[in-house]
Amino acid sequence: MTAALLPQIKRHTGVMDWLTTVDHKKIGLLYFWFTLFMGIVGGALSGLIRFHLAMPGATIEAIQTAHLAGTDIAMNLFSENRHAYNQVMTMHASVMIFFVIIPSFAAFGNYLLPLMIGARDMAFPKMNGFAFWLLVPAALLMFTSFFTAGGAAAAGWTSYPPLSLMGKGANPGQDMWILGVHLAGLSSILGSINFIVTVANMRAPGMGWLQMPLFVWAVFITSVIQLTATPVLGSAVTMLLMDRNFGTTFLDASKGGDPLLYQHIFWFYSHPAVYIMILPGFGGISHIFAAFSRKRVFGYFGMILAIGVIGIIGFSVWAHHMFSVGMPTALQAFFMYMSFLIGVPTGIKIFSWLATMWGGTIRFTVAMKFACGFLSLFTLGGFGGLILALVPVDISLHDTYFVVGHFHFTLVGGSVMLLFGMTYFWWPKMTGRMLDEKVGTIVFWLMFIGVFVAFMTMHISGMLGMARRISVYYDDFKMLNLITTGGYVLAMIGSLIFAAQCFLSYRKPKVTENDPWKINDLQGGLEWATTCPPPVYNFETVPPIPIVEQMPKH
Amino acid sequence: MLRLKFLSLAALLLLAAPAAFTAEASVDDLVKVFNPDLWGPEITMTSTWSQPASNIAKKVLDNFWFSFLVFVPFLVLPQVLLLYAMMKFRDRGNGRKSATFMHNTKLENLWTAIPILALAVVAVPVYPLLYEMELPPKDADQALAITVRGRQFAWDYEYKRESISIGQDLVNGKQEPMVLVKDRVTTLRITSNDVNHAWWVPAFGVKKDAIIGRFNNTWFIPDRIGPFKGQCAELCGEGHGVMLISAVVVEPAQFATWTMLMKHRYPAKKVWDTLSAWEVGKPEEPLRAALLEYRGKFPGDAQADFALQYWMAHSTVSFTRGAPLPGTKPEDRAGFPQRFAEWQRQNELMKGRRERLGQLMAATTTETSPVPAAESFVALARQE
């Protein structure tokens, strides 16, 4: 096939090309750089929080001492400007969830999914570009709200009413946050429709559902969850928006509404959302374990079933975020047991990864280190989750730093470690350059130790009684907060090195092979069957399916 | 039967109570008990894990350890297997070939079934506990029933049976401690006036959201004497971090004293207001009048004077804790040094004022000691 026969769709070059591109690979890279940038912003916001909490003026006693002596409070950032603290805390969470972790998996999904199923692009390339570009105004809306009267949203990323209904009419920060969530949600919905249709219709001839790589399965199931759950979030925040601006009273107790309604609807999205934030990584990491153990993935079908079951049970555990709101006991009992049950498929995945490694010849590339580090930290996070599912215990731990430690173990020790590992693994495919292994090893150890130290101490301070989302705390937790901040510093340095490394890798020599890790004899991944990076149309001819049966025949 | 026991207990207390506050020194001791400094280092943080202080917290801790032991193999096993696999199966470049197995139905069934079994084991003790935490014991008619009302950013407590409402300290406006009785069932009805809050004292092992338009119930039996601290556990706005909670658990006798003191609270506050406006050396008429008015409200009350002494001591302590804040606005900050100096001055003056009030009280009681209390006020008024 000569170039002349290919349809001419490339209209621009340079910056305009990136702005108008509908190529899934370029959109994937746009997603990647956007989320990397946002990750640094979100990390900086958490830095403000962590540095404040490590300062001597952040304790209740320090405030008292200062008041009785008639002096200013010892060094601090937010001890008196607590509204600013709430804004920073809200934006840290919102940025990390809506603009970092959820879209970062869309980065890998966009880039790799069509390659893995032997397609030339996503099913709806223009919608794909639209979905990405929706994120930019969404982020701008949220960030510019810092400069409006009353500042940005300060009711936490959960935005529970009646707190999030306060300041209606006067402070637009919360409204801008809601609109930002709408746009980010729309982006998610469009992206997930695209993934579903692509997977369903554009697999290379001969690739049945059970020949699809696990990453494709994971993205597919995640997209189904996303498509089902995100509109529900939209309805929850729309109720907020209407109550704030149009005089409705969905959530206003004094006029017959119910603030609890919001919590139920919000968590109906936001619990499945935690699986949206990790399931694609579960798929991706399976590739890494298999590749560097020089084995095939263990229990392929069990892995798919586990992801599917997590996706389904994930819709019936939402109220475990609300055990202290005063629910009927029978409901608490139901949600407790469902929350336990979701540990079973997660356990299946963990054991299957271990079995994938078992008997292999393991090469400890940086990607493999991240995979192993992920396994270790995620198991810890999952263990905390089991403890939190116990209602009587959760009553004591709810809204403490134990919860904060738990979800950071799963989101940073889990999702972020997965993302870093996947980046090291697929970076040569995505950019045609390798990431340095030695620097990568440093990044890994900084991240692993930093995450462990920061979030393990959070578990302890939570058990000892430190509430979350507070800008000043009792003196008893001073040392623990200092240690947590130390862990944060390590992890943040690691992340910054990682970002710099991605950026500087463009100076490195190009990868010349299709399969730089030399794994494809066993893995048979279609993404390794084309050049690094692939040409615009991925495959000149529809590639043969090199995949050996994923499912062993009985 | 229980009711009878309770009544006899109460009678005993009534007999014992006067003995508890006859000594002069006990006023300061009582202030220490009932007015602990929530903002200072006085109270150490205790929680369900460090020092459980209620029946619920102890049961929660037991349940935690039981579940922990059942779950912990599922934490340790993957970590051990991971480490083992990392060491055993690493590529040493000796040409060893990887294994080729891809599935093992038996193993897969096993690691599905065993966790489910473990979950079933954990469920056995946790369900009864869950239901127990929801419903107070049936014989709880002697329960201490308190309505807890959250508002930005403080808590109000209403003791229905005792007709006592507390919340803000009358002198410095800070959060007052809730007073609970050791080994007595405490039931809380929790609600909110504005946004969501959550009432939480970690040592008691209970936490319930305060939501407008709803009453949430919880209960526990505190079983350790002393002050406990906690705080609001649901983001409620700017002051969320300083929406503190303290609870003082006391012996039943002390609780009786406390309910007595609370009855004298507002009249005593009037005396305090007069006292803090008065300076040593100035005419004493307002002071005498305030004392007279106070005593007039409690005719025949042998405890009134004691209560007044208590409240003066209590208020003095509160006043010293209520230093003015510098504020963040420039106009506030400009006036701050003066406000602070004034507060310091008042603080120093308070001792002399209280001494004089004490003398006045002693003088008037000795003068009129043989006369029943109600008449003594008439006499005092004639004197004036």
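Because the structure is a prediction, the values reported are computed rather than measured.

Reading the values: the criteria
- Residues numbered from 1 in each chain as written.
- Chains lettered and ligands numbered in written order.
- Predicted model: local features only at pLDDT ≥ 70, side-chain atom pairs only at ≥ 80, totals over all residues.
- Heavy atoms only, no water.
- Buried < 20%, exposed > 50% of the residue type's maximum accessible area, 1.4 Å probe, protein only.
- Helix = DSSP H or I, 4+ residues; strand = E, 2+ residues; numbered from the N terminus.
- Pairing = 2+ DSSP bridges.
- Axes fitted to C-alpha atoms, helices over the stretch in contact; angles between N-to-C directions.
- Parallel < 35°, antiparallel > 145°, perpendicular 65-115°, else oblique.
- Left-handed = near helix turned anticlockwise from the far one by under 90°.
- Contact = heavy atoms within 4.5 Å.
- Nonpolar A, V, L, I, M, F, W, Y, C, P; charged D, E, K, R; others polar.
- Polar contact = N/O pair within 3.5 Å; in protein donor to acceptor, adjacent residues only side chain to side chain.
- Core = buried A, V, L, I, M, F, W, Y, C linked by side-chain atoms within 4.5 Å.
- Buried area = accessible area lost by both parts, 1.4 Å probe.
- Salt bridge = Lys/Arg side-chain N within 4 Å of Asp/Glu carboxyl O.
- pLDDT = per-residue confidence, 0-100.
- Expected span 1.5 Å × (residues − 1).

## So, the pairing of strand 1 (residues 144-151) of chain B
Within a regular strand, side chains alternate between the sheet's two faces. Residues and elements named next belong to chain B. Across the eight residues of strand 1, six count as buried, placing the element largely inside the fold. Here strand 1 runs beside strand 5 (residues 186-192); their pairing, made up of seven bridges, is parallel. Bridge pairing in strand 5 links Val-148 to Ile-190. Two elements, strand 1 and strand 2 (residues 154-159), share six bridges in a ladder whose sense is antiparallel. Bridge pairing in strand 2 links Arg-149 to Asp-156. Connecting the antiparallel pair strand 1 and strand 2 is a turn made up of two residues.

## Quick notes on the packing of helix 15 (residues 401-431) of chain A against helix 17 (residues 478-504) of chain A
Residue and element names in this part refer to chain A. Interaxial distance between helix 15 and helix 17 falls to 12 Å at its minimum, and their mutual angle equals 20 degrees. What the angle tells us is that helix 15 and helix 17 run roughly parallel. As for how helix 15 packs across helix 17, the hand of that crossing is left-handed. Taken together, the residues of helix 17 that come into contact with helix 15 (itself represented by Phe-420, Thr-423, Tyr-424 and Trp-427) are Ser-495, Phe-498, Gln-501 and Cys-502. Residues that form the contact of helix 15 with helix 17 fall into these classes: five nonpolar, three polar and no charged.

## Concerning the environment of Gln-523 of chain A
Residues and elements named next belong to chain A. Relative to the assigned elements, Gln-523 resides in helix 18 (residues 520-523). Taking relative accessible area as the criterion, Gln-523 reaches 17% and is therefore assigned buried. Ignoring any residue separated from it by four or fewer positions in sequence, one finds Gln-523 in contact with Ala-290, Ala-291 and Lys-295. In terms of polar contacts, Gln-523 uses its side chain to reach the backbone carbonyl oxygen of Ala-290, at 3.3 Å.

## Focus: the sheet that holds strand 5 of chain B
All names here are of chain B. Judged by pairing direction, the sheet is mixed, and its five strands sit side by side in the order 3-2-1-5-8 without closing on themselves. Where the open sheet ends on each side, the last strands, each with one partner, are strand 3 (164-166) and strand 8 (216-220). Averaged over all neighbouring strand pairs, the angle between strand axes comes to 20 degrees, with direction disregarded.

## Re the nonpolar core
Counting residues in each nonpolar core, the largest one holds 301 residues, and the members touching the most others are Phe-98 and Phe-99 of chain A together with Tyr-159, Trp-199 and Phe-204 of chain B. In contact with Phe-204 of chain B, not counting residues within four places along its chain, are Ala-53, Ser-54, Ile-56, Ala-57, Leu-180, Trp-199, Phe-220, Pro-222, Phe-228, Ala-247 and Val-249 of chain B.

## Focus: the interface of chain A and chain B
A common way to state how big an interface is: give the accessible area lost once the parts meet. Between chain A and chain B, the contact holds 97 residues from the first and 100 residues from the second. Counting each side, the surface lost to burial between chain A and chain B is near 8500 Å², with a carbon and sulfur contribution of 68%. Of all residues in chain A, the largest losses of buried area upon contact with chain B belong to Phe-351, Trp-358 and Tyr-474 of chain A, amounting jointly to 9% of the total for that side. Applying the counting rule to chain A against chain B returns three salt bridges. Where Asp-72 of chain A meets Arg-333 of chain B, a salt bridge forms, and the shortest distance between an N and an O atom there is 2.7 Å. Broken down by secondary-structure element, the contributors of at least two residues to the side of chain A that touches chain B are helix 3 (60-69), helix 4 (82-116), helix 8 (259-276), helix 11 (329-341), helix 12 (343-357), helix 13 (366-389) and helix 14 (391-397) of chain A. Of the residues belonging to the side of chain A that touches chain B, the class tally is 56 nonpolar, 27 polar and 14 charged.

## Details of the sheet that holds strand 10 (residues 244-250) of chain B
Residue and element names in this part refer to chain B. Taking strand neighbours across the sheet as the criterion, the three strands line up as 4-10-9 in an open arrangement whose pairing is mixed. Two strands lie at the open edges of the sheet, namely strand 4 (178-181) and strand 9 (226-231), each paired on one side alone. For this sheet, the mean inter-axis angle between neighbouring strands, taken without regard to orientation, is 25 degrees. Judged from the six bridges that link them, strand 9 and strand 10 form a sheet pairing that is antiparallel. Note on strand 10: the bridge partner recorded for Phe-228 is Ala-247.

## Examining the confidence of the model for chain B
Note that predicted coordinates carrying low pLDDT should not be read in detail. Residues and elements named next belong to chain B. Overall, the predicted model of chain B reaches an average pLDDT of 86, with 88% of residues at or above 70. Within the model, pLDDT remains below 50 along residues 1-24, and this stretch shows 18 contacts once partners closer than five positions in the same chain are excluded. In the predicted structure, residues 366-384 sits below a pLDDT of 50 and forms 16 contacts with residues beyond four places in sequence or in another chain. The ipTM assigned to the predicted complex is 0.91, against a pTM of 0.91.

## Some words on helix 16 (residues 437-463) of chain A
Residues and elements named next belong to chain A. If you check helix 16, its first and last C-alpha atoms are 39 Å apart, about what 27 residues at 1.5 Å a residue would give, namely 39 Å. Capping the start of helix 16, Asp-436 holds a side-chain oxygen 3.0 Å from the backbone nitrogen of Lys-438, two or three residues further along. Just beyond helix 16, the residue with positive phi is Gly-465, at close to 110 degrees.

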